[in-house]
Amino acid sequence: MAEDLVVEVITDLLDLPGGTIAADTPLAAVDGWDSVNALRVLVYLEREVGRPLDYERFAAVATVGELAELVGADAGIRR
């Protein structure tokens, strides 16, 4: 599922303890979330799904769940 992938990628790349983020977590509230780490997450997600994600839509998402919806839609996987 896209949500599991997004949570795993953010948790791993930002070195967060498991269970600290959920679908309703605002990205701005994620410890370590900044423009550099956002791009790291984007690149990693694109590698994982094997295709580019829409950057403008990526930049507009506000929550982990919205990011999962974008990944699911662009990569054709369930949220």
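Residues numbered from 1 in each chain as written. Predicted model: local features only at pLDDT ≥ 70, side-chain atom pairs only at ≥ 80, totals over all residues. Heavy atoms only, no water.

Q: Describe the environment of Glu3, naming the residues involved and giving the relevant values.
A: Its place among the elements puts Glu3 in helix α1 (residues 2–13). Spatially, the C-alpha atoms of Glu3 and Val41 are 13 Å apart, while their sequence positions differ by 38 residues. (Helix = DSSP H or I, 4+ residues; strand = E, 2+ residues; numbered from the N terminus.)

Q: Account for the nonpolar core, naming residues and giving values.
A: Ranked by size, the top nonpolar core spans 25 residues in total, and within it Val6, Ile10, Trp33, Leu45, Leu67 and Val71 carry the most contacts. Of all the secondary-structure elements, those providing two or more residues to this core are α1, α2 (35–49) and α4 (64–75). Apart from residues no more than four positions distant in its own chain, Leu67 is found in contact with Val6, Ile10, Val41, Leu45, Phe58 and Val61. (Core = buried A, V, L, I, M, F, W, Y, C linked by side-chain atoms within 4.5 Å. Buried < 20%, exposed > 50% of the residue type's maximum accessible area, 1.4 Å probe, protein only. Contact = heavy atoms within 4.5 Å.)

Q: Got a sec to walk through unusual backbone geometry? Specific residues and values, please.
A: A positive phi angle is found at Asp15, which is not glycine, with a value near 55°. Mapped onto the elements of the fold, Asp15 is located in the loop between α1 and α2.

Q: Talk me through the side chain of Asn37; I want residue IDs and the actual numbers.
A: Inspection of the secondary structure puts Asn37 in helix α2. Polar side-chain contacts of Asn37 include one of 2.8 Å to the side chain of Arg40. Leaving out residues up to four positions away in the same chain, Asn37 has contacts with Leu14 and Gly32. (Polar contact = N/O pair within 3.5 Å; in protein donor to acceptor, adjacent residues only side chain to side chain.)

Q: Explain the packing of α2 against α4 to me, using residue names and the numbers behind them.
A: It is the contact of α2 with α4, at a shortest axis distance of 11 Å, that shows an interaxial angle of 35°. Judged by the twist between their axes, the crossing of α2 over α4 is right-handed. Two secondary-structure elements touch here, α2 through Val41, Leu45 and Val49 and α4 through Leu67, Val71 and Ala75. (Axes fitted to C-alpha atoms, helices over the stretch in contact; angles between N-to-C directions. Left-handed = near helix turned anticlockwise from the far one by under 90°.)

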